[in-house]
Amino acid sequence: MKALKPNHLDELKAQLGAEKFSQNPSELATHARDESAHGEFPPDAVFYAESREDVAPLLAYCDAQGVPVTPWGAGTSLEANPVAVRGGVCPDLSRMNQIVKVYPEDLQAVVQPGVVLQDLNARLAKHGLFFPPDPGAPCTVGGMVANNAAGIQAVKYGATKHYVLGLEVVLASGKTLRCGTRAMRTSSGWSTCSWARRAPSACSPRSRSSWPASRPRWPRRWPRSRPCRRRRAPWSTWSTRA
């Protein structure tokens, strides 16, 4: 892997638009570290992606030229995974912040990776729904999927991985992989959605996610003194035993 060279940046600007790239020192410093205790590693350039059509050609070019790519969501991670340790290009996904569709009758939503958790819950609240995983920071959906974010409500509702039904992933080669389905239960084919969810975020930025929401104050069938032996997702059929 090699850092971004001037000729690489010129070719990327000509292909994707110069206005989407920035080498401003203040913006490079903003993307140099997250909330962890690790040091600062500024990227060589920040790329503000606005759609999948921006991400795919960027990854294809950087993969062919051996340029490191490290996606950036909100920078609230505690593990330093959005930090560009080897420099290169840092695609900022904050502009991909559209809530594509909400299906209140199915308890599902389709969103882009730059959607902030609080914005998603504000939209879902209009339908009496909410998205349970809450790491306690204004994080983005893409970052939550990449890190399997949980939070203080995970004991009752589960972590992010329990809510991901489908993903649209851009591979390092620039190819797009669509995996999963809106069906709550399916046993057909390979579990490619689980594979894509666990893939390194630096190689596979998520361009769209689909998952179920939950209703507040979900009825708990088991008494507090006798926990379930098997963790079940919030949309599963719970036992009616006392």
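Predicted model only: the values in this text are computed from it and were never measured. (Residues numbered from 1 in each chain as written. Predicted model: local features only at pLDDT ≥ 70, side-chain atom pairs only at ≥ 80, totals over all residues. Heavy atoms only, no water.)

1. So, the side chain of Asp92
Then comes step 1: Tracing the backbone shows Asp92 in strand β3 (residues 89-92).
Then comes step 2: An unpaired buried charge is present at Asp92: no salt bridge exists, and Arg95, the closest side chain of opposite charge, is 6.8 Å distant.
Then comes step 3: Residues in contact with Asp92, not counting those within four places in the same chain, are His31, Val46, Phe47, Tyr48, Ala49, Trp72 and Gly73. (Helix = DSSP H or I, 4+ residues; strand = E, 2+ residues; numbered from the N terminus. Buried < 20%, exposed > 50% of the residue type's maximum accessible area, 1.4 Å probe, protein only. Lys, Arg positive; Asp, Glu negative; His and termini not counted. Salt bridge = Lys/Arg side-chain N within 4 Å of Asp/Glu carboxyl O. Contact = heavy atoms within 4.5 Å.)

2. A word on the packing of aromatic side chains
Then comes step 1: Within the structure shown, the criterion is met by three aromatic pairs.
Then comes step 2: Ring centres 5.5 Å apart and planes at 85 degrees place the aromatic pair Phe130 and Tyr157 in the edge-to-face group. Of the two residues, Phe130 sits in the loop between α4 (117-125) and α5 (141-147) while Tyr157 sits in helix α6 (residues 154-157), which places them 27 residues apart along the sequence. Tyr157 carries the same exposure label as Phe130, and that label is buried.
Then comes step 3: Stacked on the ring of Tyr103, the Lys or Arg Lys101 has its end atom at 5.8 Å from the ring centre.
Then comes step 4: The ring of Tyr103 has Arg182 sitting right over it, with the charged end atom 3.7 Å from the ring centre. (Phe/Tyr/Trp six-rings, centres within 6.5 Å; stacked < 30°, edge-to-face > 60°. Lys NZ or Arg CZ within 6 Å of the ring centre and 35° of its normal.)

3. Some words on the pattern of salt bridges
Side chains that carry opposite charge are capable of pairing whenever their charged atoms lie near each other.
Then comes step 1: Under the definition given, this model contains six salt bridges.
Then comes step 2: Here Asp106 ties to Arg182 by a salt bridge, and the two come within 2.6 Å at their closest N and O atoms. Remark: Arg182 occurs in the loop between β7 (176-180) and α7 (192-198) and Asp106 occurs in the loop between β4 (99-103) and β5 (108-111); sequence separation between them is 76 residues.

4. Quick word on the side chain of Thr140
Then comes step 1: Within the secondary structure, Thr140 is located in the loop between α4 and α5.
Then comes step 2: Apart from the residues within four sequence positions on either side, Thr140 is in contact with Gly73, Ala74, Pro113, Gly114, Val115 and Val116.

5. Focus on the confidence of the model for the protein chain
Then comes step 1: Of all residues in the protein chain, 77% attain a pLDDT of 70 or more, and the chain-wide mean is 82.
Then comes step 2: Contacts for the low-pLDDT stretch residues 200-204, under 50 throughout, to residues beyond four places or in other chains number 11 contacts. (pLDDT = per-residue confidence, 0-100.)

6. A word on unusual backbone geometry
Then comes step 1: The phi dihedral of Ala80 is positive, around 65 degrees, even though this residue is not glycine.
Then comes step 2: By the element assignment, Ala80 lies in the loop between α3 (52-65) and β3.
Then comes step 3: Even without a glycine there, the phi angle at Leu107 is positive, about 60 degrees.
Then comes step 4: Take Leu107: it is sitting in the loop between β4 and β5.
Then comes step 5: For Leu107, a relative accessible area of 16% puts it in the buried group.

7. Describing the nonpolar core
Side chains of a nonpolar character, in soluble globular proteins, are inclined to be buried together.
Then comes step 1: Of all hydrophobic cores here, the largest spans 24 residues; its most connected members are Val111, Leu120, Leu124, Phe131 and Leu167.
Then comes step 2: Those elements that provide at least two residues to this core are β4, β5, α4, α5 and β6 (166-170). (Core = buried A, V, L, I, M, F, W, Y, C linked by side-chain atoms within 4.5 Å.)

8. Quick notes on the pairing of strand β2 (residues 45-48)
Then comes step 1: Residue alternation in β2 divides its side chains into two sets, Ala45 and Phe47 and Val46 and Tyr48, and both sets are buried.
Then comes step 2: As judged from the two bridges shared by strand β1 (residues 21-22) and β2, these two strands associate in the antiparallel manner. Paired with Phe21 across the two strands is Phe47, which belongs to β2.
Then comes step 3: Across four bridges, the pairing between β2 and β3 is parallel. The residue of β3 that forms the bridge with Val46 is Cys90.
Then comes step 4: Crossover handedness for the path β2 to α3 to β3: right-handed. (Pairing = 2+ DSSP bridges. Right-handed = clockwise from strand over helix to strand, strands pointing away.)

9. Considerations on the environment of His127
Then comes step 1: Relative to the elements of secondary structure, His127 occurs in the loop between α4 and α5.
Then comes step 2: The spatial distance from the C-alpha of His127 to the C-alpha of Val102 is 9.2 Å, given a sequence separation of 25 residues.

10. Some points on α3
Then comes step 1: For α3, which comprises 14 residues, the first-to-last C-alpha distance of 20 Å matches the rise-based estimate of 20 Å (1.5 Å per residue) to within 8%.
Then comes step 2: Along α3, the positions that sit buried rather than exposed are Asp54, Val55, Ala56, Leu58, Leu59, Tyr61 and Cys62.
Then comes step 3: The inward-facing, buried residues of α3 abut α1 (6-16), β1, β2, β3 and β6.
Then comes step 4: Phi turns positive one or two residues past the end of α3, at Gly66, with a value near 75 degrees. (Expected span 1.5 Å × (residues − 1).)

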